[in-house]
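Descriptive structure summary
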Amino acid sequence: MKVIIVHQWEDNQKDDAIKLINQVVSLAKEKKLPKGMKLDKVSVSEEAKTAICEWDVDSIDTLMNTAKQFNITWKVTPMIPKVLYEHKLL
């Protein structure tokens with residue numbers, strides 16, 4: 001199941017948000033994420049105070065329960081996207 005998580009933080013939460021995102025990216029690169037969780041892509045705009053994480057997970061509940069362990073204090077919005085268009089190279 002594809003899930004998008006949008007992180008939005010305030011100025012005083014920036015350091016913690018960026019630190020967590022970098023930590024999750026490191027876990028993904030080292031293949032240390034929990035079973036059933038694969039991080040596909042992370043996009044960050046520090047100017048917009050936003051990060052978008054694209055996941056492939058067995059369950060959105062597992063993903064959100066794992067996220068709760070990190071004591072996130074900023075706004076987190078999970079979405080299960082419906083792809084309307086995707087350009088693919090042949």
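Everything numeric here is computed off the predicted structure, so don't read it as measured data. (Residues numbered from 1 in each chain as written. Predicted model: local features only at pLDDT ≥ 70, side-chain atom pairs only at ≥ 80, totals over all residues. Heavy atoms only, no water.)

Re the overall build of the chain
Within the chain one finds two helices and four strands. Its helices and strands taken in sequence order, the chain reads β-α-β-β-α-β from the N to the C terminus. Here the C-alpha radius of gyration of the chain, 13 Å, is about what a compact globule of 90 residues would show, namely 12 Å. Overall size of the chain, expressed as C-alpha extent along the three principal axes, is 45 × 30 × 25 Å. Per-residue burial over the chain gives 26% buried out of 90 residues. The contacts of the chain with a sequence gap of at least 6 include a subset with a gap of at least 24, amounting to 65%. For the chain, the computed accessible surface area is about 6700 Å², with 52% contributed by carbon and sulfur atoms. Each charge sign in the chain was given a centre, from 14 positive and 13 negative side chains, and these centres are 5 Å apart. (Helix = DSSP H or I, 4+ residues; strand = E, 2+ residues; numbered from the N terminus. Rg over C-alpha atoms; globule rule 2.2 N^0.38 Å. Buried < 20%, exposed > 50% of the residue type's maximum accessible area, 1.4 Å probe, protein only. Contact = heavy atoms within 4.5 Å. Areas by Shrake-Rupley, 256 points an atom, 1.4 Å probe, with all protein chains shown as cover. Lys, Arg positive; Asp, Glu negative; His and termini not counted. Charge placed at Lys NZ, Arg CZ, Asp CG, Glu CD.)

Brief notes about unusual backbone geometry
Of note in the backbone geometry, Lys 31 takes a positive phi value of approximately 55 degrees without being a glycine. Mapped onto the elements, Lys 31 comes out in the loop between helix H1 (14-29) and strand E2 (37-45). Unusually for a residue other than glycine, Asn 71 sits at a positive phi of about 50 degrees. Note that Asn 71 resides in the loop between helix H2 (60-68) and strand E4 (75-79). Its relative accessible area of 62% is what places Asn 71 among the exposed residues.

Digging into the nonpolar core
Of all hydrophobic cores here, the largest spans 18 residues; its most connected members are Val 3, Ile 5, Trp 9, Leu 39, Trp 55, Val 57 and Leu 63. Broken down by element, this core gets its largest block of residues, five residues, from H1. Apart from the residues lying within four places of it in its own chain, the contact partners of Val 3 are Cys 53, Glu 54, Trp 55, Val 57, Ile 60, Leu 63, Met 79, Ile 80 and Pro 81. (Core = buried A, V, L, I, M, F, W, Y, C linked by side-chain atoms within 4.5 Å.)

Describing the environment of Val 42
Tracing the chain through its elements places Val 42 in strand E2. For Val 42 and Asn 22, which are 20 residues apart along the polypeptide, the C-alpha to C-alpha distance reads 9.6 Å. When near neighbours in sequence (up to four residues on either side) are disregarded, Val 42 contacts Ile 21, Val 25, Ile 52 and Cys 53.

From the geometry alone we can't say anything about function, so treat these as descriptive.
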